[in-house]
Amino acid sequence: MRIDNVPIDLLIPNMLSASVKTLQIFFLTIILSIPLGFLVALARRSKYRIINIPVRIYQLIFRGTPLMLQLFFFMYGPYYIFGFTFGRDLACILAFAINYAAYFGEIFRGGIGSIPKGQYEAAKVLGYTKFQTFMRIVLPQVIKIVIPSTGNELMTLVKDTSLAQSIAVIELFRVATTAGSKYASTVPIVVAALFYLIMNTIVEISFKIIEKKFDYYKN
Amino acid sequence: MLLKADNLQKQFDNTSVLKGISLAVNEGEVIAIIGPSGSGKSTLLRCLTQLEKVDAGRIEVCGKLMVDTISGLGYSDPKTLHEIILEVGLVFQNFILFPHYSVLRNIVDAQVKVLGVDKQTAVDKAMDLLDKMNLRSRSNAYPCEMSGGQQQRVAIARALALNPRILFFDEPTSALDPELTGEILKVIRSLAEEKMTMVIVTHEMAFARDVADRVIFMDEGVIVEAGKPEELFGNTQNQRTKDFLQRFNQN
């Protein structure tokens, strides 16, 4: 079957398998950057400047320069500086995870900061340790607060995976643009748009469900 | 003696908030602390419950030394401080329940996680306390679904669940609508009848007069006068106390 001279029955399976790569970047970035983001948030809240200033500089650099540039840096930087390379996939995941951890750090820092001081005090007089206070009282409330902005961030991540093509990772967008120029048609790009839209619809719906799950109380 | 504080001093940004406060609390005693806003009442309570650190002075709770700058020891080790915290309870002005926990869990969680009580015993105890607070039917509610008066009663139950030997109240009715203060005062009154040791910072003069064994009047970081309620409210000879009570009556 052909649309605008594009063999759509060949293109779709190709794009589906390229989407596996896209999803791989997406999920690995989540798994790595969310815990890392929490550490960044905690480090930022540290009263020791030797901890919080370097983390601030890291966040400034990774939020202040293009992700595409960071992909190049992780792909080619180590070779020029140290003479070794991470390889395409690892460089890609590293750049995404470290970049997104900088953003998540900021979201989680805001979330932790918005828990009223009274919650810590009430927990202290009840005899909770600092660790118990964080895990049992603070963290569950922080999670509820950061869900909407985390969802927002993950929708951006779905789209940002397309940047991986800049270091020649074969993912959805790469396959679409290649097919587009091969058949001189915009159809593959439109199909890719639909793919991204479907993925983000799933992200959106999932986060609406999670938000609802936390609706049983108000802060 | 359950609590003994000597010559407590505390400054915030070079402003003295406590200027040498001494205080002793005996077992079974109810003490009301009154005084104008900014007189240091809440700061005193916060120092006694370890939410603030004193700059100088000595505090002993249930025979355990919390701090002693007079003989140069400073604050005790974290283990002792933790033991002392378990001897006292604090009820805040704005309740400060844990919003993500149900009423029951607010009362059960610390029993299990802090004291190591087994779950069923903790739940039984919580339900008994809720009975006493007339809130048994609300055990599965969340704080956001309750009135201020109900939340404050849950907060009292939460503190009582850990068997404190002294219970502190920091203006327990100040955040409540006038029609809700009665239910809290009733609870505190019944605790007084059970000989619970309590230190209550309050603006409810009639209540202080009625329930307290001793009333302390604080102003500008010092204890101006302390004594039996009938003496202090009845015929104080102190001009500052007189002025305060007069201003209070006018409002």
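Residues numbered from 1 in each chain as written. Chains lettered and ligands numbered in written order. Predicted model: local features only at pLDDT ≥ 70, side-chain atom pairs only at ≥ 80, totals over all residues. Heavy atoms only, no water.

**Observations regarding the overall build of chain A**
Using the following cut-off: Under the scheme used here, helices are H or I runs from DSSP no shorter than 4 residues and strands are E runs no shorter than 2 residues, and both carry numbers assigned from the N terminus. Here's how the labels work: a residue is buried when its accessible area is under 20% of the maximum for its type, exposed when over 50%, partly exposed in between, all with a 1.4 Å probe on protein chains only. Whether two residues are in contact is decided by their heavy atoms, any of which lying within 4.5 Å being enough. This count recognises Lys and Arg as positive and Asp and Glu as negative, with His and chain-terminal groups excluded. By convention, the point assigned to a charge is CZ for Arg, NZ for Lys, CD for Glu and CG for Asp.
Check the secondary structure of chain A and you find 8 helices and 2 strands. The principal-axis extent of the C-alpha atoms belonging to chain A is close to 70 × 50 × 20 Å. Taking all 219 residues of chain A together, 46% fall into the buried category. Taking the intrachain contacts of chain A between residues at least 6 apart in sequence as the baseline, contacts between residues at least 24 apart amount to 76%. A distance of 12 Å separates the average location of the 22 positive side-chain charges in chain A from that of its 11 negative side-chain charges.

**Re the interface of chain A and chain B**
Quick note on the threshold: Take the accessible area each of two parts loses on contact, using a 1.4 Å probe, and add the two losses: that sum is the buried area. Just to be clear on terms, a salt bridge is a Lys or Arg side-chain nitrogen sitting within 4 Å of an Asp or Glu carboxyl oxygen. Whenever a nitrogen or oxygen atom comes within 3.5 Å of another N or O atom, the pair is scored as a polar contact, on the condition that within protein one atom can donate a hydrogen and the other can accept it, and that pairs from neighbouring residues in sequence are kept only if both atoms are in side chains. Under this grouping Gly is polar, as are all residues other than the nonpolar Ala, Val, Leu, Ile, Met, Phe, Trp, Tyr, Cys and Pro and the charged Asp, Glu, Lys and Arg.
Across the contact, 20 residues belong to chain A and 26 residues belong to chain B. For the pair chain A and chain B, the summed buried area comes to about 2100 Å², and 63% of that belongs to carbon and sulfur atoms. Considering only the side of chain A, the residues that lose the most area to chain B are Val-125, Leu-126 and Arg-136 of chain A, jointly responsible for 32% of the buried surface there. On inspection of chain A and its partner chain B, the count reaches 2 salt bridges. Arg-46 of chain B is the salt-bridge partner of Glu-121 of chain A, the closest N and O atoms lying 2.7 Å from each other. Between chain A and chain B we count 11 residue pairs in polar contact (both at pLDDT 80 or more) in total. Broken down by secondary-structure element, the contributors of at least two residues to the side of chain A that touches chain B are helix 5 (117-125) and helix 6 (130-160) of chain A. Ranked by the residues each element gives to the side of chain A that touches chain B, the list is headed by helix 5 of chain A, at 8 residues. Considering only residue class, the side of chain A that touches chain B consists of 9 nonpolar, 6 polar and 5 charged.

**Details of the nonpolar core**
Selection rule: Residues belong to one nonpolar core when they are buried, are Ala, Val, Leu, Ile, Met, Phe, Trp, Tyr or Cys, and are joined through side-chain atoms within 4.5 Å.
Met-15, Cys-92, Phe-96 and Leu-154 of chain A are the most contacted members of the largest nonpolar core, which totals 56 residues. Where this core is concerned, the elements lending two or more residues are helix 1 (8-45), helix 2 (49-64), helix 3 (67-82), helix 4 (88-113), helix 6, helix 7 (172-183) and helix 8 (187-213) of chain A. Considering every element that reaches this core, the biggest residue donor is helix 4 of chain A, with 12 residues. Residues Val-25, Val-54, Leu-81 and Ile-84 of chain B belong to the second largest nonpolar core, which totals 44 residues.

**Overview of the side chain of Ser-19 of chain A**
The topology assignment puts Ser-19 of chain A in helix 1. If we skip the residues at most four places from it in the chain, Ser-19 of chain A touches Leu-172 and Phe-195 of chain A.

**Remarks on the environment of Leu-32 of chain A**
Residues and elements named next belong to chain A. Within the secondary structure, Leu-32 sits in helix 1. Relative accessible area serves as the criterion here: at 41%, Leu-32 is assigned to the partly exposed category. Spatially, the C-alpha atom of Leu-32 lies 8.9 Å from that of Ile-93, the residues being 61 residues apart in sequence. In contact with Leu-32, not counting residues within four places along its chain, are Ile-93 and Ala-97.

**Description of the sheet that holds strand 8 (residues 166-170) of chain B**
Paired through their backbone hydrogen bonds, the strands of a sheet run either parallel or antiparallel. Residue and element names in this part refer to chain B. Stated formally: Criterion used throughout: strands pair if DSSP finds at least two bridges between them. In this analysis, axes come from line fits to C-alpha atoms, helices being fitted only over the stretch in contact, and the angle between any two N-to-C directions falls in the range 0 to 180 degrees.
If you trace the 6 strands from one edge of the open sheet to the other, you get 7-8-9-3-10-11, paired in mixed fashion. At either margin of the open sheet sits one strand with a lone partner, and together these are strand 7 (88-91) and strand 11 (222-227). Neighbour-to-neighbour, the strand axes of the sheet open up by a mean angle of 15°, direction not taken into account. Contacts between helix 1 (residues 41-48) and the sheet are confined to strand 3 (30-34), strand 7, strand 8, strand 9 (197-201) and strand 10 (214-219), with strand 8 contributing the most and set at about 145° to the helix. Each of strand 7 and strand 8 is contacted by helix 2 (residues 78-87), which is oriented at about 60° to strand 7, the strand it contacts most.

**Describing the confidence of the model for chain B**
Detailed reading of the predicted coordinates is not advisable wherever pLDDT is low. Cut-off, in case you're wondering: By definition, pLDDT measures how confident the predictor is in each residue, and it falls between 0 and 100.
Per-residue confidence for chain B gives a mean pLDDT of 92, with 100% of residues at or over 70. Interface confidence for the predicted complex, given as ipTM, is 0.94, next to a pTM of 0.90.

**Things to note about the layout of surface pockets**
Spelled out, the test is: A cavity here means a set of 1 Å grid points, computed over protein atoms only, where a 1.4 Å probe fits but cannot escape. A pocket is an open set with protein on both sides within 12 Å along at least 5 of 7 lines, and lining residues have an atom within 4 Å of a point. Grid points are joined across faces, edges and corners, and a volume is the space filled by probe spheres set on the points.
Here the largest pocket defines a volume of roughly 1100 Å³. Lining the largest pocket are 29 residues; nearest its centre among them are Tyr-120, Lys-124, Thr-129, Lys-130 and Thr-133 of chain A. Secondary-structure elements contributing two or more residues to the lining of the largest pocket are helix 1, helix 4, helix 5 and helix 6 of chain A together with helix 2 of chain B. Its residues assigned to classes, the lining of the largest pocket comprises 12 nonpolar, 8 polar and 9 charged. The computed volume of the second largest pocket comes to approximately 250 Å³. Around the second largest pocket sit 15 residues that line it, and Gln-119 and Asn-219 of chain A together with Ile-96, Leu-97 and Pro-99 of chain B are the ones nearest its centre.

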